[in-house]
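Close look at the chain arrangement
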Amino acid sequence: MKAVKNGVYETNKMRVEIGKEVVSKIFKPTRNSSLRYNREKKSLQRLSGLAHFPRLIDFNDKTKLIKMSSLPGTRPEKLSEQQIDLLRIMITDMLAMGVARHALPIRDLLAEDEQKLEMVDFERVTIKHFQYSIIWLIAKKVSYYHLYRLIHQYQPQLLSESERKFLSKVDKIRTVLQVIKPLKHPLRLLAK
């Protein structure tokens, strides 16, 4: 995101106004803005009331505007052991509410100090519709992968042996997929 001025951030996909109490996020008309808007809205509906997540205040489906509570803090430079413990709780709570993240960059975390942590930005998620949906089960694994990646980056000693193995296994799969990814577009052209 590019800072414009006075708590307003704007990209070609959205405009975010960060006030003292309320954050307003408008999804600009783009190819998948409705999908991103609906994911964020549904996530906030499910997560509202839980600690460490914004509370949904209001939304407008016509204008694709979401108003949510403003959370304290700024992007942390690193994650302390206490913050890793909080992050584990946050991921557990998020998944229990049927929200799985596709990614978990540190820029989506806010911290006031080393004992506090908050999470924002829920437009790239999978929402659980059925308990044993293959898509949901994979999405949960993806959320855990990103959690373990952050732990490995900032507090690697906190990973269990099984978490290390899981992280290593998924890293190998991702490496193979990155090699295959450039072939996706030419294959689509051949299929037409």
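Below you will find a few notes about this structure.

The rules behind the values
Residues numbered from 1 in each chain as written. Predicted model: local features only at pLDDT ≥ 70, side-chain atom pairs only at ≥ 80, totals over all residues. Heavy atoms only, no water. Core = buried A, V, L, I, M, F, W, Y, C linked by side-chain atoms within 4.5 Å. Buried < 20%, exposed > 50% of the residue type's maximum accessible area, 1.4 Å probe, protein only. Helix = DSSP H or I, 4+ residues; strand = E, 2+ residues; numbered from the N terminus. Contact = heavy atoms within 4.5 Å. Pairing = 2+ DSSP bridges. Expected span 1.5 Å × (residues − 1). Polar contact = N/O pair within 3.5 Å; in protein donor to acceptor, adjacent residues only side chain to side chain.

1. Topic: the nonpolar core
- Counting residues in hydrophobic clusters, the biggest one holds 41 residues, and the most contacted among them are L79, L87, L109, M119 and F122.
- Of the residues forming this core, the biggest block, 8 residues, is contributed by helix α3 (residues 134-154).
- The residues touching L79, leaving out its near neighbours within four places in the chain, are I84, L87, I106, L109, L117, L150, Y154 and Q155.

2. Describing the side chain of S24
- Locating S24 in the fold gives a position in strand β4 (residues 22-27).
- A relative accessible area of 15% means that S24 is categorised as buried.
- With residues near it in sequence (within four places) discarded, S24 still touches R15, V16, E17, L65, I66 and K67.

3. Observations regarding the environment of P29
- By secondary structure assignment, the location of P29 is in the loop between β4 and α1 (33-47).
- The spacing of P29 and Y145 is 116 residues in sequence and 31 Å in space, taken between C-alpha atoms.

4. What to know about the pairing of β4
- In the sheet, strand β3 (residues 14-18) pairs with β4 via 5 bridges, with the strands oriented antiparallel. Its bridge partner being in β4, R15 is matched across the sheet by I26.
- Direction of pairing for β4 relative to strand β6 (residues 65-69): antiparallel, over a ladder of 5 bridges. Bridged to K25 within β6 is I66.

5. Quick word on α3
- For α3, which comprises 21 residues, the first-to-last C-alpha distance of 31 Å matches the rise-based estimate of 30 Å (1.5 Å per residue) to within 8%.
- For α3, the full list of buried residues reads W136, A139, S143, Y145, H146, L147, Y148, L150, I151 and Y154.
- On the buried face of α3, the contacting elements are α2 (81-96), β7 (99-101), β8 (109-110), β10 (125-127) and α4 (161-180).
- Backbone nitrogen of I135 and a side-chain oxygen of the N-cap are separated by 3.3 Å at the start of α3; the cap is S133.

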